[in-house]
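Spelled out, the chains give:
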Amino acid sequence: MSSNKQRDYLFDNYKVFLIILVVIGHFIEQSYDNNTFLYTLKWLIVSFHMPAFIFISGYFSRRELSLKDLIHKLAIPYIIFEFIYYFLYVFIIHKSTGLYLMYPKFSLWYLQSLFFWRLLTPYVKKVPHYMTLSIAAGLLIGCSGIPGNFLSIPRTLVFFPFFLAGTCFDRKKLTVLRTRRNQILAGIMISLFAGTLILNPYLRTLSPKIFYGRYNYHYLGQNFAEGILCRVLCYLIGFVMTFAVALLISDKQTSYSYIGTRTMAIYLFHGLIYSLIKGSTNILSNINTLAESILLILFCVILTGILSIPQLSTFTNAVSNLSIRRRQLQMKDHYRKYPYDYQFLWATH
């Protein structure tokens, strides 16, 4: 009972919304350019869903973990799921690949980045003006020739400011800001952004990949100045959209709030299903009409619900707790005192 009193359902509900967007965003990757509806939806999703998730991850990562804990909670699960993806690619999809642990497959970059964020944050925050410096690093990494998924370095640096901001966030301030007036303003801002995406033909010449954080400016067809300016705008949009949506999300317990405590399992297993469908059929690249688009979105929502079954979360939690019995007993005692830590140690995904 005391655990429920401490729950923050706003973040649970926000995570449910975000994980649905993650699933939709991946499943429309092959067809978002086929019609205006999916194109606009893709832009809306990528503009803030990862910044918001990473911000929340930072908020619930303020307690420092030892290197040993980080290895248990993040590095070992990363390696295990790399093997799972490898076997899926090679033996089921028959896709030519290797076991490249330095180059994370599909969405596993997040585990790798979270490891570095949690490892480095205590030291980075001791540096004067660390937030400004982290943004500068995110801008300058776009000029490098580092492969986009090598140790997830580009994404780790590009999204680091959102994680750092989350570690500094005061939840009480959000409660104060959640007035009716501000909620109306947030709704207007989101609507204006969506309208701009629909009505501005110039955006059709750009790629949503400017928000991915993975690609350098040369790959995106930008020179240094264009890339820097574009990424600054991406930062601005990411922060504004993250807070605008936070003002609108319900802070009450709902029938779906429980999904917010199981998002890591959904995140990991939906990627396997997406990879299987993408590698075995061409159905995801042939979503053309509005009706087909809506059916695909409904499928994603239903899939999110299916993957929220407790058995999958039990598996992912077990993978993140591969340690000796004494350590498990210590962690159980810790979670009784800090009930939020268990669900957010895996980055709130």
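This one's a predicted model, so the numbers in the text were calculated from it and none came from an experiment.

1. Details of the nonpolar core
In this structure, Tyr14, Ile54 and Trp117 are the most contacted members of the largest nonpolar core, which totals 93 residues. Among the elements that take part in this core, helix H3 (residues 36-59) stands out by supplying 14 residues, more than any other. Once residues lying within four places of it in the same chain are set aside, the contact partners of Tyr14 are Phe48, Ala52, Ile56, Met241, Thr242, Val245, Ala246 and Ile249.

2. Some words on the pattern of salt bridges
By the definition in use, this model includes four salt bridges. Residues Asp8 and Arg171 are paired through a salt bridge, measuring 2.7 Å at the closest nitrogen-oxygen approach. Here Asp8, found in the loop between helix H1 (2-6) and helix H2 (9-27), pairs with Arg171, found in helix H8 (residues 171-177); they are 163 residues apart in sequence, far enough to count as distant. Note on accessibility: Asp8 and Arg171 belong to one class, buried. Across the salt bridge formed by Lys105 and Glu82, the nearest N and O atoms sit 3.7 Å from each other. In this pair, Lys105 is assigned in the loop between helix H4 (67-92) and helix H5 (109-124) and Glu82 in helix H4, connecting sequence segments 23 residues apart.

3. Quick word on unusual backbone geometry
The phi angle at His129 is positive, at roughly 60°, despite the residue not being glycine. As for its placement among the helices and strands, His129 is situated in the loop between H5 and helix H6 (130-140). A positive phi is found at Leu151, a non-glycine position, where the angle reads about 55°.

4. What to know about a nonpolar patch on the surface
A cluster of nonpolar residues, Ile79, Phe83, Phe87, Phe91, Ile92, Leu99 and Leu276, forms a patch on the protein surface that exposes about 610 Å² of accessible area. At five residues, H4 tops the list of elements feeding residues into the nonpolar patch. Along the chain, Leu276 falls in helix H11 (residues 263-280).

Conventions we followed
Residues numbered from 1 in each chain as written. Predicted model: local features only at pLDDT ≥ 70, side-chain atom pairs only at ≥ 80, totals over all residues. Heavy atoms only, no water. Core = buried A, V, L, I, M, F, W, Y, C linked by side-chain atoms within 4.5 Å. Buried < 20%, exposed > 50% of the residue type's maximum accessible area, 1.4 Å probe, protein only. Helix = DSSP H or I, 4+ residues; strand = E, 2+ residues; numbered from the N terminus. Contact = heavy atoms within 4.5 Å. Salt bridge = Lys/Arg side-chain N within 4 Å of Asp/Glu carboxyl O. Patch = residues over 30% accessible without salt bridge, like charges linked within 9 Å, V, L, I, M, F, W, Y side chains within 5 Å. Areas by Shrake-Rupley, 256 points an atom, 1.4 Å probe, with all protein chains shown as cover.

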